[in-house]
Amino acid sequence: ILMGGMHDFFSGVLSLRHGGESLPGLTGRYLGDGARRAMSLFTVALLVLVGAVFLSQPAEMIAARIDAPALAGAAFGNFSWLLLGVLGAILLYYVLATLLPIDRIIGRLYPVFGVVLLVMALGILTVLLLHPARYAIPELTSLHNFHGDAARFPIMPTLFTTIACGAISGFHATQSPLMARCLGSERQARPVFYGAMISESIIALIWAAVAMAFWNGVGGLNAAIAEYGGQAAVMVDAIARDTLGEVLAGFVIFGVVACAITS
């Protein structure tokens, strides 16, 4: 986590001191034109993969909601239909936020999404602390790899690429210039680049804890991941609805999914 904070701070300040230059541009400046081309190709490939994941997660959640048995009866409720509409709007937001300048949509809406994400994460943490008997957080006392297919997924580097924005994944370096272009002073660099990384890490730890507590340990979580086919957004939906109820679950999903594209 601390390495991730330093990584984001370094890449952000480097961009800030070069007029908000992008990661490929910075790479070319210090390592040559060949390195710039390679980094450009890598960055495009990375962002395409990330964008595909961010689009697929709400889509999978919508599909799961539609296929839910409750849909056939009145129990599905008007709120669930409203939630489906919101998730559809998030899909549209992903596309527009990618195509339009940052100050057109992301800069205006992200503060709202960020507050929802933080408040709902704290709500989940409150449930964990108030109901330790029902949601017991297991203690991890070693670096043993509990993954169901440990040989194919070693802890290093799988840990970082799985937690993504909550650990030193490297993805943030492609986004730092966006933030650098929004800062008015270098004094803002530490709370924005380093502080935001620490905040995201805390949120990641909360969700990791509740996932293990909800499914009774790492073994149960592995079984749940296999059952849900690795659909993380659907699992977030299941956790939120059980811990916070149907209405608040809508806000949890809204914050988690909507913030993904701009985190």
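Residues numbered from 1 in each chain as written. Predicted model: local features only at pLDDT ≥ 70, side-chain atom pairs only at ≥ 80, totals over all residues. Heavy atoms only, no water.

**Structural notes on the pattern of salt bridges**
Part 1: Across all of its chains, the model carries seven salt bridges by this definition.
Part 2: In this structure, the salt-bridge partner of Asp33 is Arg36, at a minimum N-O distance of 2.8 Å. Of the two residues, Asp33 and Arg36 are both situated in helix 3 (residues 33–67); the distance of three residues between them amounts to about one turn of the helix.
Part 3: Classification of Asp33 as partly exposed rests on a relative accessible area of 36%.
Part 4: Relative accessible area serves as the criterion here: at 30%, Arg36 is assigned to the partly exposed category.
Part 5: Between Asp237 and Arg241 there is a salt bridge, and its shortest N-O distance comes to 3.6 Å. Placement of the pair is Asp237 and Arg241 together in helix 10 (residues 232–260), with a separation of four residues, close to one helical turn.
Part 6: Salt bridges sharing partners connect three or more residues here, namely Asp33, Arg36 and Arg37. (Salt bridge = Lys/Arg side-chain N within 4 Å of Asp/Glu carboxyl O. Helix = DSSP H or I, 4+ residues; strand = E, 2+ residues; numbered from the N terminus. Buried < 20%, exposed > 50% of the residue type's maximum accessible area, 1.4 Å probe, protein only.)

**Considering the packing of helix 1 (residues 2–16) against helix 8 (residues 189–214)**
Part 1: Close contact between helix 1 and helix 8 brings their axes to 8 Å; oriented N to C, the two are set at 145 degrees. Considering only the axes of helix 1 and helix 8, their crossing is right-handed. In this structure, helix 1 contributes Leu2, Gly4, Gly5, Met6, Asp8, Phe9, Gly12 and Val13 to the contact, and helix 8 contributes Ala189, Arg190, Phe193, Tyr194, Met197 and Ile198.
Part 2: Residues of the contact of helix 1 with helix 8, tallied by class, amount to nine nonpolar, three polar and two charged. (Axes fitted to C-alpha atoms, helices over the stretch in contact; angles between N-to-C directions. Left-handed = near helix turned anticlockwise from the far one by under 90°. Contact = heavy atoms within 4.5 Å. Nonpolar A, V, L, I, M, F, W, Y, C, P; charged D, E, K, R; others polar.)

The quantities given are spatial measurements derived from coordinates; they are silent on function.
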